[in-house]
Structures are given as structure tokens and as C-alpha cells.
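Below, each chain spelled out in residue letters.
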Amino acid sequence: MGTIVSFHAHPDDESIGTAGTLARAAAAGHRVVLVFATRGELGEPVPGVLAEGEQLALRRSAECYAAAREIGAHRVEFLGYTDSGMMGEPANDAPYCFWQAKVEHAARRLAVILDEEEPDVLTVYDDNGGYGHPDHIQVHRVGMRAGALSAVPVVAQQTINRDWLARGRRELVAAGRIDGAATMPEPDAADWGKPEAQITHKVEVVDVADRKRAAMRAHASQMGPDHPLLAMPEPMFLVGLGVEFYVVSPPPSPASAPDVFHELFTPLR
């Protein structure tokens, strides 16, 4: 049995980015651990979803455990930092927000969990945090350092393959399988994800897409039924979220790579 620790900025990030990988790992008998830097208290709740006086941070914390059950995760931890908000917002300057955390200190806090779990694989985000969110960028910095401190064999940087998404969307529209005008715009922004040439590995998760959707729905304070990802037509959902992409640099040698990495991660080239 292997172990994967998946490090995320806020509740619901795990369901969108790595839930398929983690669900496949859990289904195969591997141990799955979720770690969140913050409780996402600055998220925008779905109108009417919170009870009177209910705190968003507590609701989102509970949703993490509900999503973890859908994924099959065995442990959930929080590092205790506060949400930094979007880049450029005043919340970025709050002294206890994750963006302001000293990387070495935060990495040592994460390394305590890594040393306990001795994971074969640690997932973090790419160096731009997928789309430039300060807490996501900090997950990359802190996660990479913690992985080095704990000598984790493989640190996989989850990312968005913008070429894959744009290509898949065009093919579905051309085949008449989705209404191009009713779907999300082509993901071709230069600061969104990575070009395919920079991505090293993928994990096919179509077979656990139902568990990924269920994990996303568990975050009901953030993702109502009309959320763009949940309302996405099934063909587009499978194209956009049926494969999860990673940058593994440097990649482990075939002889030294952990079994769970061999089982789940497929090289792109």
C-alpha cells in the first residue's frame, strides 16, 4: 500500500483539481491524506445556503470531510492559516493569511504531517498556482519546500492543461455534441494553467468521474447546482475534468518510482 498526501489552499480545491487521482488511489487500496492551508473563510457562499449566524469557515471545514468521504480519503488536516483572498485585495496583507506566511515556517508545519505519513507522492500546484491566486502560489512554494524537507519521493504539481481543454472544446463543438455558445470560453489565457509542452504526466479519471462530481457537490456552500463546472454538459465535463494533469520535475527514475506513482501517473511523452 502506498500513500498520497494532497496539499491544497482552500476547501473545494481538492475536488476540482485532484479528486479523481485521489479517488483512484483510494479505490486501489492506497492511503489518501488531504491537507488544507486555510478554511476558505473569504469564499463567496451560494446565496441562501448558510443558516442564520452560520460561519462560512466552519461550514467549509465540514464540507471538506464530506468531500473526503466521497473521495475515500483517510485523513484531513488544516494548517490554520487564514484565506488571503484574490491577488491584489487588501486581505493579502493580513498578518495571519497564508500569503504572508514565511515559506520555511509553513513548510515545517506541513513537514510534520509528511513525516508522520511518509508519503510516496505529494501533490501541490504549479508555480503560478494554476491561475495566479496568492494562496495557490503559496501552496506551490510551501509544498515544494516541505517535500524536500521530508524527502518525499515524488512531488507532483497539479496544473491545468490549457491546450487539452481548448482542443477538446473545439472538437466537441465541431461534432455538435455541445452548444459552443453555452459553455465556458476557450481556456487560452497565458496565465491559466500550463501549455501541454510543459506538462509531464496525466491521470485518467473518467472511471471515477461520478466520485469527483460527488466530491464537488459536497462543497455546497461554494458550488450550487448551477455552478459552471457542475452544470457543464457531461461530454465537456469528461473532457475538462476527466483527466488530471501534473508537472513532475525532475521525474523519478523508473526503478526508484513508488508503485502508486507507476499505477496512476502516465507520462505524456
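If you're wondering where the values come from, they're calculated on a predicted model, not measured in any experiment.

**Side note on the pairing of strand S7 (residues 243-247)**
Moving residue by residue along a regular strand, the side chains alternate between the two faces of the sheet. Along S7, 5 of the 5 residues are buried, which leaves the element largely enclosed by surrounding structure. With burial as the criterion, each face of S7 is covered, one bearing Val243, Phe245 and Val247 and the other bearing Glu244 and Tyr246. Taken together, the 3 bridges between strand S5 (residues 154-159) and S7 define a ladder with antiparallel strand orientation. Counted as the bridge partner of Thr159 is Phe245 from S7.

**Details of helix H3 (residues 56-71)**
For H3, spanning 16 residues, the distance from its first C-alpha to its last is 22 Å, which sits close to the expected 22 Å at 1.5 Å a residue. Along H3, the residues that are buried comprise Leu56, Ala57, Arg59, Arg60, Ser61, Glu63, Cys64, Ala67, Ala68 and Ile71. In this structure, the buried side of H3 is in contact with helix H1 (13-17), helix H2 (19-27), strand S2 (31-38), strand S3 (75-81) and helix H7 (209-218).

**Some details on helix H5 (residues 134-149)**
The end-to-end C-alpha distance of H5, which contains 16 residues, comes to 22 Å, matching closely the 22 Å that a straight helix rising 1.5 Å per residue would cover. Where H5 terminates, the next one or two residues include Ala151, which has phi positive at roughly 55°.

**Considering the sheet that holds S3**
Strand pairs in the sheet, formed through backbone hydrogen bonds, run parallel or antiparallel to each other. Here we have 8 strands laid out as an open sheet, ordered S3-S2-S1-S4-S5-S7-S6-S8, and mixed in their pairing. Looking along the sheet, the strands with just one partner apiece sit at the ends: S3 and strand S8 (266-267). In this sheet, S3 lies alongside S2 in parallel orientation, the contact comprising 5 bridges. Paired with Thr38 across the strands is Tyr81, a residue of S3.

**Structural notes on the layout of surface pockets**
Its volume calculated, the largest pocket comes out at about 1200 Å³. Along its surface, the largest pocket is lined by 45 residues, and Asp13, Ile16, Tyr131, His136 and Leu229 are the ones closest to its centre. Elements that contribute at least two residues to the lining of the largest pocket include exactly H1, S5, helix H6 (162-174), helix H8 (234-241) and S7. Counted by class, the lining of the largest pocket contains 23 nonpolar, 14 polar and 8 charged residues.

**Notes on the environment of Gly168**
Positionally, Gly168 belongs in helix H6. Of the residues examined, Gly168 reaches a relative accessible area of 8% and is grouped as buried. Between the alpha carbons of Gly168 and Ile16 there is a distance of 18 Å; along the sequence they are 152 residues apart.

**Examining the pattern of salt bridges**
Going through the model one piece at a time under the given rule, you end up with 13 salt bridges. Across the pair Asp12 and Arg60 runs a salt bridge, and its minimum N-O distance is 3.5 Å. With Asp12 in the loop between strand S1 (3-8) and H1 and Arg60 in helix H3, this pair connects stretches of sequence that are 48 residues apart. The burial state of Asp12 is the same as that of Arg60; both residues are buried. Here Asp127 ties to Lys194 by a salt bridge, and the two come within 2.7 Å at their closest N and O atoms. Taken as a pair, Asp127 in the loop between strand S4 (121-125) and H5 and Lys194 in the loop between H6 and strand S6 (201-204) lie far apart in primary sequence, 67 residues in all. The exposure class of Asp127 is partly exposed, given its relative accessible area of 44%. A relative accessible area of 14% means that Lys194 is categorised as buried. Connected through salt bridges with shared partners, the residues Arg31, Arg75, Glu77, Glu116 and Glu117 form a single ionic network.

**Some words on the environment of Ala62**
Within the secondary structure layout, Ala62 lies in helix H3. The spatial distance from the C-alpha of Ala62 to the C-alpha of Ala218 is 9.3 Å, given a sequence separation of 156 residues.

Basis of the calculations
Residues numbered from 1 in each chain as written. Predicted model: local features only at pLDDT ≥ 70, side-chain atom pairs only at ≥ 80, totals over all residues. Heavy atoms only, no water. Buried < 20%, exposed > 50% of the residue type's maximum accessible area, 1.4 Å probe, protein only. Helix = DSSP H or I, 4+ residues; strand = E, 2+ residues; numbered from the N terminus. Pairing = 2+ DSSP bridges. Expected span 1.5 Å × (residues − 1). Contact = heavy atoms within 4.5 Å. 1 Å grid on protein atoms, 1.4 Å probe; cavity = no way out; pocket = protein on both sides within 12 Å on 5 of 7 lines; lining within 4 Å. Points joined across faces, edges and corners; volume = space filled by probe spheres on them. Nonpolar A, V, L, I, M, F, W, Y, C, P; charged D, E, K, R; others polar. Salt bridge = Lys/Arg side-chain N within 4 Å of Asp/Glu carboxyl O.

It is worth stressing that arrangement in space is one thing and function is another; only the former is reported here.
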